Amino acid sequence: MESRLKILIALTSLVIIIVLSTIGLAYFEGWSAFTALWVTMATITTTGYGDLVPLTYHGRVFALIIMVCGIGLMTYTLLTFFTHLVEGQVSRIMRRDKTMEAIKRLDNHIIVCGAGRVGSNVAHVLLGEKAPFVLVDNDEEKVAEMEEAGHLVYLGDASLDEVLIHLGIKRARGVVAALPDDAYNVYVTLSARDLNPNLKIVARAEKPETIEKLHRAGANKVISPTQTGGYQLAMAMLKPVTVDLVDTLFTFAHQQLQLEELLVTETSPLANQELRGIFGKEVQGVRVIAIIRNNEVLMNIHGNDRVLPGDTMILIGSRTALEQIEFYS
């Protein structure tokens, strides 16, 4: 910002000198405006064609002033401009190196492809959920905006294998394909699934006919913002209280009530334990409302039911209480 201000001041001063010189030489030498401008530019650029020179005493004195001020100001303007270019290039290189170092430290992270309206909202939610992630987009303006917002962003084409590899896709837990073009989301899904078969891939689809293609490409879940938005609008009209409750449960900023899911692994202290008192006395206010087992949702659960390795428990409680259960994952 400071270097841009210097360039603006230098250019403004240079324009003022050129205008004053043109007016002065036209006045003292009786030249036309174009002739005076020609001599001015030949003087301050040190070209010195010599085809036209001031002949009057006052014109030569005025030309001497222009030589000193104009040439100095022209030199300063050029130096300021090139310094800005060099500093910008160095800054971009340093910022890119810093970004790559941060990406190398990521593990079990999420790669969000697309930093537009959908991608930026995904990043906002992931940041609130304290989930490690990196954004990628090939639009420099969007990347700059996301960097200013404090997100980790990489400038590149997410549909290219080498870009996904740079983003640590083989260490990642998932990919969100949130690009505005369905074809690119299909490319990203295909590439991501090929590079890491164990990824969880959530993809965006604008057209209904793309949903099945994304599933075939390897997406675990496909979200259509248009269809989802239409459904929510209709439900908000027909069942406003229910929609408000669901919105509350899925809003990360809400502290009183939230939903969370917890995968029970083989090494989890919860494996093969009964539901009653499963979290111990240190975790209060968390309830198990469902268990997903072998792609089936078990809703009618009891205190003496056991949690098995591979189960996913759906929990409800305050955000503070839910944050305490990370130990059990």
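Residues numbered from 1 in each chain as written. Predicted model: local features only at pLDDT ≥ 70, side-chain atom pairs only at ≥ 80, totals over all residues. Heavy atoms only, no water.

Enquirer: Could you give me a rundown of the packing of aromatic side chains, with the residues and numbers involved?
Expert: For any pair of aromatic rings, the description rests on two quantities: the centre-to-centre distance and the angle between the ring planes. Inspection of every chain in the model, using the stated rule, returns three aromatic pairs. Ring centres of Phe28 and Phe62 lie 5.7 Å apart, and the angle between their planes is 50°; this geometry places the pair in the tilted category. Here the residue Phe28 occupies a position in helix 1 (residues 2–29), and Phe62 occupies one in helix 3 (residues 57–104), the gap between them amounting to 34 residues. On the accessibility criterion, Phe28 (31% relative accessible area) is partly exposed. Overall, Phe62 belongs to the buried group, its relative accessible area being 18%. Geometrically, the ring pair formed by Tyr184 and Tyr187 is edge-to-face, given 6.1 Å between the ring centres and 85° between the ring planes. Placement of both Tyr184 and Tyr187 in helix 7 (residues 182–195) is noted, with a separation of three residues, approximately one turn of the helix. Three or more aromatic residues joined by ring pairs make a cluster, and in this case those are Tyr27, Phe28 and Phe62. (Phe/Tyr/Trp six-rings, centres within 6.5 Å; stacked < 30°, edge-to-face > 60°. Helix = DSSP H or I, 4+ residues; strand = E, 2+ residues; numbered from the N terminus. Buried < 20%, exposed > 50% of the residue type's maximum accessible area, 1.4 Å probe, protein only.)

Enquirer: Describe in detail the side chain of Ser191, supporting the description with residues and values.
Expert: As for its position among the elements, Ser191 is in helix 7. Of the residues examined, Ser191 reaches a relative accessible area of 12% and is grouped as buried. Reaching out from Ser191, the side chain makes a polar contact with the side chain of Asp161 at a distance of 3.2 Å. With near-sequence residues (within four places) excluded, Ser191 lies in contact with Ser159, Asp161 and Leu164. (Polar contact = N/O pair within 3.5 Å; in protein donor to acceptor, adjacent residues only side chain to side chain. Contact = heavy atoms within 4.5 Å.)

Enquirer: Could you give an account of the nonpolar core, naming the residues involved and the relevant values?
Expert: Formed by 29 residues in total, the largest nonpolar core has its most connected members in Ile111, Cys113, Val136, Leu167, Ile169 and Val175. Residue assignment for this core shows that the elements contributing at least two residues are helix 3, strand 1 (110–113), strand 2 (133–137), helix 6 (161–166), strand 4 (174–177), helix 7, strand 5 (200–204) and helix 8 (208–217). Element by element, the count of residues in this core is highest for helix 7, at four residues. With sequence-adjacent residues up to four places away left out, Cys113 is seen in contact with Val136, Ala158, Leu164, Val175, Val176, Ala177, Ala178, Leu179 and Val188. One finds Ala271, Val286, Val307 and Ala321 within the second-largest nonpolar core, a separate group that totals 15 residues. (Core = buried A, V, L, I, M, F, W, Y, C linked by side-chain atoms within 4.5 Å.)

Enquirer: Lay out the environment of Val39 with the relevant residues and their values.
Expert: As for its position among the elements, Val39 is in helix 2 (residues 33–44). Note on Val39: relative accessible area 6%, which makes it buried. It is 9.1 Å that separates the C-alpha atoms of Val39 and Ser21, two residues lying 18 residues apart in sequence. Residue contacts for Val39: discarding those within four places in its chain leaves Leu25, Trp31 and Leu52.

Enquirer: So what's going on with the environment of Ala158? Which residues, and what values?
Expert: Relative to the elements of secondary structure, Ala158 occurs in the loop between strand 3 (153–155) and helix 6. Accessibility expressed as a relative area gives 4% for Ala158, which makes it buried. In this view, Ala158 contacts Cys113, Val136, Val163, Leu164 and Val188; residues no more than four positions away in its chain are not counted.

Enquirer: Give a description of a negative patch on the surface that names residues and reports values.
Expert: Negative charge collects at one region of the surface, where Glu140, Glu141, Glu145 and Glu148 lie side by side. Structurally, Glu145 can be placed in helix 5 (residues 140–148). On the basis of relative accessibility, which here comes to 49%, the residue Glu145 falls in the partly exposed class. (Patch = residues over 30% accessible without salt bridge, like charges linked within 9 Å, V, L, I, M, F, W, Y side chains within 5 Å. Areas by Shrake-Rupley, 256 points an atom, 1.4 Å probe, with all protein chains shown as cover. Salt bridge = Lys/Arg side-chain N within 4 Å of Asp/Glu carboxyl O. Lys, Arg positive; Asp, Glu negative; His and termini not counted. Charge placed at Lys NZ, Arg CZ, Asp CG, Glu CD.)

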